[in-house]
2 protein chains.
Amino acid sequence: MAEISNVFLATLSGEPTETTPIWLMRQAGRYLPEYRAVRKRAGDFLGLCYTPDLATEVTLQPIRRFGFDAAILFSDILVVPDGLGQRVGFRTGEGPVLEALRNEAAIDALSFGRLVGHLAPVYRAARQIRAELPTDTALIGFAGSPWTVATYMVEGGSSKDFAKVKTFAFSEPVVFAKLIDLLERSTVAHLEAQIAAGVQAVQLFDSWAGVLPPNALRHWVIDPTARIVERLRSRYSDVPIIGFPRQAGLHYQAYVDQTGVDAVGLDTTVPSEWAVEELGGKVALQGNLDPALLMAGGQALLDAATETWLGFRDSQHIFNLGHGVLQHTPPDNVAKLVDHLRSLDAKGSAA
Amino acid sequence: MAEISNVFLATLSGEPTETTPIWLMRQAGRYLPEYRAVRKRAGDFLGLCYTPDLATEVTLQPIRRFGFDAAILFSDILVVPDGLGQRVGFRTGEGPVLEALRNEAAIDALSFGRLVGHLAPVYRAARQIRAELPTDTALIGFAGSPWTVATYMVEGGSSKDFAKVKTFAFSEPVVFAKLIDLLERSTVAHLEAQIAAGVQAVQLFDSWAGVLPPNALRHWVIDPTARIVERLRSRYSDVPIIGFPRQAGLHYQAYVDQTGVDAVGLDTTVPSEWAVEELGGKVALQGNLDPALLMAGGQALLDAATETWLGFRDSQHIFNLGHGVLQHTPPDNVAKLVDHLRSLDAKGSAA
């Protein structure tokens, strides 16, 4: 790509830009009143994901309000198990509820062949969003990583200690590998279909990368991610891949070195000096303001945003949070954050 | 201390030992049928903590079964807020429920003067346990660190995103500092009373150290811990202090360098090679087998235990888990783990 008009994509390609690209994880969501209105109309959460007009609307809402440099397809990492035929539901205030997988037969009953057809509405949404987005706003597609999706599939939802999925992985590694392999293929197919529909970069969310011991992290997180990156790149070499191994801590470096991602999402605990020094020469860095600072607002938010902006200045930096926007975040805080960052960019270019 | 007969205390003092000290976080607990029987008799959870005969009994149960090198006083980190006058309850299956602190008046209403008197039964339990324990088994006292205890006090219980406590800390740092300061003083007083009652080492549990951005971690975790260590040491220079900043990841090194602890608890994600290399010359290392491996059992457990044992061989190592024993762990797996480690010690000494 010789000329990239979008600063988000340019930064991912290693090109210098005059302004820092900005988007926020979970930028479309319950903190926006216009989202809550659509959500109410949609009924259940998966219905919203599977209705292209509504998914398009909620994807565009934060772009209209805040002018972010990238939109992210409104969807959920659990559409993959749903597409594979596992029963997935969302109960208000409780998070996802799945019919938990516990044995090989349950894994064998999942259907890879069903996936892309079942998720056709997601790809229609991506196509519609790309058509309706301003041309200088990038569209990001995404999937959960195999490990993180597997935690929900085996635990039957969220977990505090991951006892069931870890015990499964430790006790029956050969059977668990079948699940991870299926999820690897599913992730590739799901992301390829999104790319074919118009997304220009993809992010792999590995929200629970930080709960595994070192060997297991290598085996269930880093190796599958490396294989996914390799397969995507062989077909779509120009679509950048952002990996987000949340809470990977001491393993961020190995993740970057061994997966081949183009950019890494940093959770809120990662010091910018360390990241710029150790990772900045290899990949673009995305993050990592604490979402609670965005919720808190005021001078604390502006000071922390300045610090983040300065801290990552000597890297290919995409401004984002260290995790998703919190539900009770005042939308006005987001507007103030964006204004503040734009003014830092303006001063920075002038300097 | 010239001659220390207990391998746990010897290891903490930097002395070589012939066997690896072993104890497990939450070694007294629901996975043991004899614990469940006592728990039923005690009625509510705090009643168990505050009845010296019962707290003694459950502290000793795992020592009788498994012959660990150290017992840990049966108590809870939330006895401190309870002692300060905040309403604390435990609902079965739901975890702790506290009347959440939200403002300065609620903090001002807490009573430091009430603490040590209210917790007298805890210290009586410590004294009784020390009297009933085999002389070659060490007794560990403990407290939560100010940050971790504050998360429960402000959230009103466990949390997924720590939005309330973080927003409080970010928005009202001066008021939040009052709470942390009160908890610092309370932690020191609580640990000093335990030491006076006979505990021979103390552990600071900082279960939620891993959710803060770098500056906040320094301010609310590392600095208060350093002050607690300094105050304890000025009075009880011979009682070793173990810090456990769970999920501190990239900040483990700063925690060790800046707090002055004698030993550091490593969560399950920390690679032994890294810890031995970077931290092993400074402090004793405690950890870090994944509790899910102990629950899984079988060859996976034995292999991982061997790997942990070997990995930490060139350090002052206290064998432990990376987090507490999981509720559904078969007690027999614990017995097998201990046997296995003892046989590794025997082979190691023979070699």
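Criteria and thresholds
Residues numbered from 1 in each chain as written. Chains lettered and ligands numbered in written order. Predicted model: local features only at pLDDT ≥ 70, side-chain atom pairs only at ≥ 80, totals over all residues. Heavy atoms only, no water. 1 Å grid on protein atoms, 1.4 Å probe; cavity = no way out; pocket = protein on both sides within 12 Å on 5 of 7 lines; lining within 4 Å. Points joined across faces, edges and corners; volume = space filled by probe spheres on them. Helix = DSSP H or I, 4+ residues; strand = E, 2+ residues; numbered from the N terminus. Nonpolar A, V, L, I, M, F, W, Y, C, P; charged D, E, K, R; others polar. Salt bridge = Lys/Arg side-chain N within 4 Å of Asp/Glu carboxyl O. Buried < 20%, exposed > 50% of the residue type's maximum accessible area, 1.4 Å probe, protein only. Pairing = 2+ DSSP bridges. Axes fitted to C-alpha atoms, helices over the stretch in contact; angles between N-to-C directions. Contact = heavy atoms within 4.5 Å. Buried area = accessible area lost by both parts, 1.4 Å probe. Polar contact = N/O pair within 3.5 Å; in protein donor to acceptor, adjacent residues only side chain to side chain. Least-squares fit on C-alpha atoms with pLDDT ≥ 70 in both. Parallel < 35°, antiparallel > 145°, perpendicular 65-115°, else oblique. pLDDT = per-residue confidence, 0-100. Phe/Tyr/Trp six-rings, centres within 6.5 Å; stacked < 30°, edge-to-face > 60°. Lys NZ or Arg CZ within 6 Å of the ring centre and 35° of its normal.

### Digging into the layout of surface pockets
Estimated volume of the second largest pocket: approximately 810 Å³. Residue lining of the second largest pocket: 35 residues in total, with Pro213(A), Pro214(A), Asn215(A), Ala216(A) and Glu307(B) positioned closest to the centre. Looking at the lining of the second largest pocket, the elements that each hand over two or more residues are α10 (163-171) and α12 (214-235) of chain A together with α14 (272-278), β8 (284-289) and α16 (298-311) of chain B. Tallied by class, the residues present in the lining of the second largest pocket amount to 21 nonpolar, nine polar and five charged.

### Description of the pattern of salt bridges
All names here are of chain B. All chains considered together, the criterion is met by 26 salt bridges over all chains. Here Asp-181 ties to Arg-185 by a salt bridge, and the two come within 3.4 Å at their closest N and O atoms. Of this pair, Asp-181 and Arg-185 both sit in helix α11 (residues 173-196), four residues apart, roughly one helical turn. Residue classification places Asp-181 among the partly exposed residues on the basis of a relative accessible area of 36%.

### Description of the sheet that holds strand β9 (residues 317-321) of chain B
All names here are of chain B. One open sheet holds the seven strands; their spatial order is β1-β4-β5-β6-β7-β8-β9, and the pairing between them is parallel. At either margin of the open sheet sits one strand with a lone partner, and together these are β1 (70-72) and β9. In this sheet, adjacent strand axes meet at a mean angle of 25° when their direction is disregarded. As paired strands, strand β6 (residues 241-245) and strand β7 (residues 263-265) are joined by two bridges and run parallel to one another. Bridging across to β7, Gly-243 finds its partner in Val-264. Across the face of the sheet, helix α12 (residues 214-235) comes into contact with β5 (201-206) and β6 while running at roughly 165° to β5.

### Describing the interface of chain B and chain A
It is common to report an interface's size as the accessible area lost on association of the parts. Contacts between the two partners involve 31 residues from chain B, matched on the other side by 31 residues from chain A. The junction of chain B with chain A conceals about 2600 Å² of combined surface from both sides, 64% of it contributed by carbon and sulfur atoms. Sorting the residues of chain B by area buried against chain A places Phe170(B), Leu250(B) and Thr269(B) first, and these three jointly supply 22% of that buried surface. One can count two salt bridges joining chain B with chain A. A salt bridge links Lys166(B) to Asp290(A); its shortest N-O distance comes to 2.8 Å. In this assembly, chain B and chain A are joined by eight residue pairs in polar contact (both at pLDDT 80 or more). Sorting elements by how many residues they give to the side of chain B that touches chain A places helix α10 (residues 163-171) of chain B first, with five residues. Each residue belonging to the side of chain B that touches chain A can be placed in one class, and the counts come to 16 nonpolar, ten polar and five charged.

### A word on the relation of the copies chain B and chain A
Superposing chain B onto chain A takes a rotation of 180° plus a shift of 0.0 Å along the axis, which leaves an RMSD of 0.0 Å. Such a combination of turn and shift is consistent with a two-fold rotation axis. The rotation axis passes nearest to the C-alpha of Gly249(B) in chain B, at a distance of 2.2 Å. Interface overlap between copies is the fraction of interface residues in one copy that are interface residues in the other; for chain B against chain A it reaches 100%, indicating a shared surface.

### Remarks on the packing of helix α2 (residues 33-42) of chain B against helix α4 (residues 52-66) of chain B
Residues and elements named next belong to chain B. Where α2 contacts α4, the axes come no closer than 10 Å and their chain directions differ by 175°. As far as their axial angle goes, α4 and α2 are roughly antiparallel. In this structure, α2 uses Pro-33, Glu-34, Tyr-35, Val-38, Arg-41 and Ala-42 to contact α4, whose residues at the interface are Leu-54, Glu-57, Val-58, Gln-61 and Arg-65. For the contact of α2 with α4, a count of residues per class yields six nonpolar, one polar and four charged.

### Brief notes about the confidence of the model for chain A
Mean pLDDT for chain A: 96, with 98% of residues reaching 70 or above. Our summary of model confidence lists the complex with pTM equal to 0.96 and ipTM equal to 0.94.

### Observations regarding α10(B)
Most of α10(B) is tucked away: seven of the nine residues are buried. For α10(B), the full list of buried residues reads Ala163(B), Val165(B), Lys166(B), Thr167(B), Phe168(B), Ala169(B) and Phe170(B). Elements that come into contact with the buried residues of α10(B) comprise α15 (291-296) and α16 (298-311) of chain A together with α6 (104-108), α9 (146-155), α11 and α12 of chain B.

### Considerations on the packing of aromatic side chains
Enumeration according to the criterion identifies 20 aromatic pairs over all chains in this entry. Taken together, a centroid distance of 6.1 Å and an interplanar angle of 70° make the contact between Trp147(B) and Phe176(B) edge-to-face. Taken together, the residues span a long stretch of sequence, with Trp147(B) in helix α9 and Phe176(B) in helix α11 at a distance of 29 residues. For the residue pair Trp147(B) and Phe176(B), the accessibility class agrees, reading buried in each case. What links up through ring pairs into an aromatic cluster is the set Tyr35(A), Phe45(A), Phe74(A) and Phe90(A). In this structure, Arg246(A) is placed above the aromatic ring of Trp208(A), and the distance from its NZ or CZ to the ring centre is 4.9 Å.

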